[in-house]
Structure formats: structure tokens, C-alpha cells
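One-letter residues, chain by chain:
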Amino acid sequence: MNFFKAFDISASALTVQRLRMDVIAQNIANAYTTRTENGHPYRRRLVIVQEDSQDKKFSQYLSESSAKFVGSGTKAVRIIEDPSPLKRVYDPSHPDADGDGYVLLPNVDTDKEMVDLISATRSYEANIAAINAAKSMAMKALEISR
Amino acid sequence: MINWFTVLVSMLFSVALPHFFVKICVTSRNFNVTCRIVIMVKYRINVGRILKDIKGGMSVFRNIKVLEKALDATLLKNHVITHNIANIDTPGYKRYTVSFEEQLEEAIKKEKSNGQASSINRAGHKISDPLDDVIPKVLQVRTTKMRPDGNNVDIDVEMSELAKNVIVYNALVQKISKEFEKIKMVIQEGRR
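Definitions and limits used
Residues numbered from 1 in each chain as written. Chains lettered and ligands numbered in written order. Predicted model: local features only at pLDDT ≥ 70, side-chain atom pairs only at ≥ 80, totals over all residues. Heavy atoms only, no water. Helix = DSSP H or I, 4+ residues; strand = E, 2+ residues; numbered from the N terminus. Buried < 20%, exposed > 50% of the residue type's maximum accessible area, 1.4 Å probe, protein only. Contact = heavy atoms within 4.5 Å. Areas by Shrake-Rupley, 256 points an atom, 1.4 Å probe, with all protein chains shown as cover. Phe/Tyr/Trp six-rings, centres within 6.5 Å; stacked < 30°, edge-to-face > 60°. Lys NZ or Arg CZ within 6 Å of the ring centre and 35° of its normal. Salt bridge = Lys/Arg side-chain N within 4 Å of Asp/Glu carboxyl O. Buried area = accessible area lost by both parts, 1.4 Å probe. Polar contact = N/O pair within 3.5 Å; in protein donor to acceptor, adjacent residues only side chain to side chain. Nonpolar A, V, L, I, M, F, W, Y, C, P; charged D, E, K, R; others polar. pLDDT = per-residue confidence, 0-100. Core = buried A, V, L, I, M, F, W, Y, C linked by side-chain atoms within 4.5 Å.

## Describing the overall build of chain A
Across its full length, chain A holds 3 helices and 4 strands. Beginning at the N terminus, the succession of helices and strands in chain A can be written as α-β-α-β-β-β-α. For chain A, with 146 residues in total, the buried portion stands at 37%. Looking at chain A alone, contacts between residues at least 24 apart form 64% of all its contacts between residues at least 6 apart. Accessible surface, chain A: about 8600 Å² in total, of which carbon and sulfur atoms supply 53%.

This is the structure:
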């Protein structure tokens, strides 16, 4: 068993939470973007998070109740676009307004993004605490028979 | 100069409270003779205990082996808790737990009922060590649910488990260090 595995597990979670924060920042920054590269308004992005295990037969391992714990944290598998409908706002003076004077705005809700940001920050902190715990254990192990 | 009164008091204490006695010896280090007598008494207690263990077929490193098992399991538990915390935002994730205390307790009970812990019994046959059968179990809790997405990690539970685990680990490290100190004391015949 690798002593420093706990660090790797927490580090993978830190990476995922940081990616979530990056994507949230991207969403907030593009809350009013009506033109993207493909010509459509910006769509809210979401990170798909999945449990990371080194072995595909993870559940089999565990049903055998062995000490082989092969879980190795978490990983972001994909960034998808939120399929929910875009906001349709009446604004005839907008350059991207259609014939009826309606503009399609991104489906980004700033409040929702802020809440997600807080959630990501808290998860990040929880993982920092886990790293600190592992660190103090590693330092204590050095004291054996001192 | 020998302070006979201190020696006498110390010896009386040693009979009643061997551990308390050691403390006294440390505080009155300048009384050379006192210190030596104190250590001798302590030495005898330790040698007696360890000799008894050896006669009973017990290895000097027996306690260390038990502690090692516990340390391994605690480390595994740390990995599992960390894994749970890392997956706090994973939809559908179910938390894992480690169980080993019951097994360890059972192994120690078994050993006591056998009356001896050596790998060779009186007839010269090898017997299996119950401690070798202690393998920590990693179990998944699949029946509960914390959030609508199916995840059942409760961050408060995990963080308190983590804090508890670190304290247990530190305690075990301290205990194992003391075990080594005892053996060292016997090897050095009670001298410091």
C-alpha cells in the first residue's frame, strides 16, 4: 500500500474542483455573449464528475472484501453544454435581435453560478483539510522509535 | 552524597506505583544513586514481564505486530475517507467504510484462549497465527442516500471520521515507540 496515496486522491479532487471553478468563471464571463464561434449564443457549460478507480472491476474487488482498495479519487470526464432552453428577451435595439425584436441570451443564471462556485470552494477546502490530515499522519509516522 | 531517605521513599513508591516512581527518578536526576536504584527496579519489572512472555512462547515483538496491523488498517481507513471526501460532488457515488476492529479483537481473544502465540506449539508443529488472518474489510454503503443525485457522502461525518482517524494513528505511533523503548531498555540492561 502506498503511503502517499491519500495525497494523490485529494489532489485529483482539488484538480476537479479547480476545473469546476474555471468553468463557472467561464459561464459568468459569458452570461451575455450572444455570438460564439459557431454563431449561436453561448450555452452554459457543465463538468461531469466521475469516481476514479484504477481497476474496472472495482465493485468485484470490494465484494470480495479484500484489503485491496483501488479507488483513486475523482476525475472530470467531460465538459458538456447545458441543453436547457436559451433565454428569449425582448430588446429590438440589440444588433442580434430577430425580426420580432427578440434576442436569444445564454442560459446562464448568475445566481446559480455563484452558488455552484461556493459549493466548489467548500469542496476544495474539505480536500485541503484531508491533505493536511494525511500530512500530519506521515510526519507522525517518522517519529516511530525516535 | 547519598540521600538515603529519598532512596527509601522511592523504593516504597516503586512497590506501590512503578510508573509514578519513574517520574520521581526523572525529577531528582542529581541524586545519582537514587536514579540508579530506580532504574534497576524498573528494569526488573520489564525484564520479568518480557521473560514471562518469552517463556509463554510469546515473541518480544508480539505487541508491535498487533500495533502494526492496527497502523496498516488505520492508513487504509485514511485512504478510504479521503476517497469519500474527494467524491463529495460525484453523482451516484456511494461511500466506503473500513471494518477491522472486530477482527483484531477476535484474533487477540483467540490467541489468549490458545494460551500461546508462538508459531510452534509444544509438540513442535507449526500453528497458524490468528493475527495473519486479520485483513481489513472495505465495505460499500449502498442502502442510504443523502441527496437527490444518489450520493450518500455526509461531509460532517467524513471530516469527523478523518479527525478521529488521525488521532488514533498518532496514538498507535506513540504506543509503538514506547514498545521499542521498552525493548531497548532491556537490551541496555536498564542503563540509559
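Still more ground to cover, so stick around.
## Examining the packing of aromatic side chains
Residues and elements named next belong to chain A. In the structure shown here, the tally under the stated rule is 3 aromatic pairs over all chains. Ring geometry for Phe 4 and Phe 7: centres 5.8 Å apart, planes at 45°, overall tilted. The ring of Tyr 102 has Arg 88 lying over it, and the distance from NZ or CZ to the ring centre is 4.2 Å.

## Quick look at the pattern of salt bridges
Scanning all chains against the criterion turns up 17 salt bridges over all chains. A salt bridge links B:Glu161 to B:Lys77; its shortest N-O distance comes to 3.9 Å. A residue pair is termed long-range when its members are at least 10 positions apart, and B:Glu161 in helix H6 (residues 155–187) and B:Lys77 in helix H4 (residues 62–86) qualify at 84 residues. Beyond isolated ion pairs, a larger network of salt bridges with shared partners links A:Arg44, A:Asp82, A:Glu113 and A:Asp116.

## Focus on the interface of chain B and chain A
Counting residues at the interface gives 36 residues for chain B and 39 residues for chain A. Where chain B abuts chain A, roughly 3000 Å² becomes buried across the two surfaces, and 68% of that area is made up of carbon and sulfur atoms. It is B:His79, B:His83 and B:Asp89 in chain B that bury the most area against chain A; as a group they hold 19% of the surface buried on that side. For the pair chain B and chain A, the number of links is 1 salt bridge. Between B:Asp89 and A:Arg20 there is a salt bridge, and its shortest N-O distance comes to 2.7 Å. Between the two partners, chain B and chain A, sit 8 residue pairs in polar contact (both at pLDDT 80 or more). Broken down by secondary-structure element, the contributors of at least two residues to the side of chain B that touches chain A are H4, strand S2 (137–140) and H6 of chain B. Of the residues in the side of chain B that touches chain A, the class split is 22 nonpolar, 11 polar and 3 charged.

## Some details on the confidence of the model for chain B
All names here are of chain B. Looking at chain B, the pLDDT average stands at 76 and 62% of residues meet or exceed 70. Confidence, read as mean pLDDT per element, is least for helix H2 (residues 18–27) in chain B (45) and greatest for H6 (92). Interface confidence for the predicted complex, expressed as ipTM, amounts to 0.79; the pTM equals 0.72.

## Examining the nonpolar core
B:Leu71, B:Ile85, B:Leu104, B:Leu131 and B:Leu162 are the most contacted members of the largest nonpolar core, which has 25 residues in total. Where this core is concerned, the elements lending two or more residues are helix H3 (110–141) of chain A together with H4, helix H5 (101–114) and H6 of chain B. Residue contributions to this core peak at 9 residues, all from H4(B).

## Considerations on the side chain of B:Arg95
Residues and elements named next belong to chain B. For Arg 95, the location among the structural elements is in the loop between H4 and strand S1 (96–99). Arg 95 sits in the buried class, given a relative accessible area of 17%. At 2.7 Å, the side chain of Arg 95 forms a polar contact with the side chain of Glu 158. Residues within four places of Arg 95 in sequence aside, it is in contact with Asn 84, Leu 139, Gln 140, Val 141, Asn 152, Val 153, Val 157 and Glu 158.

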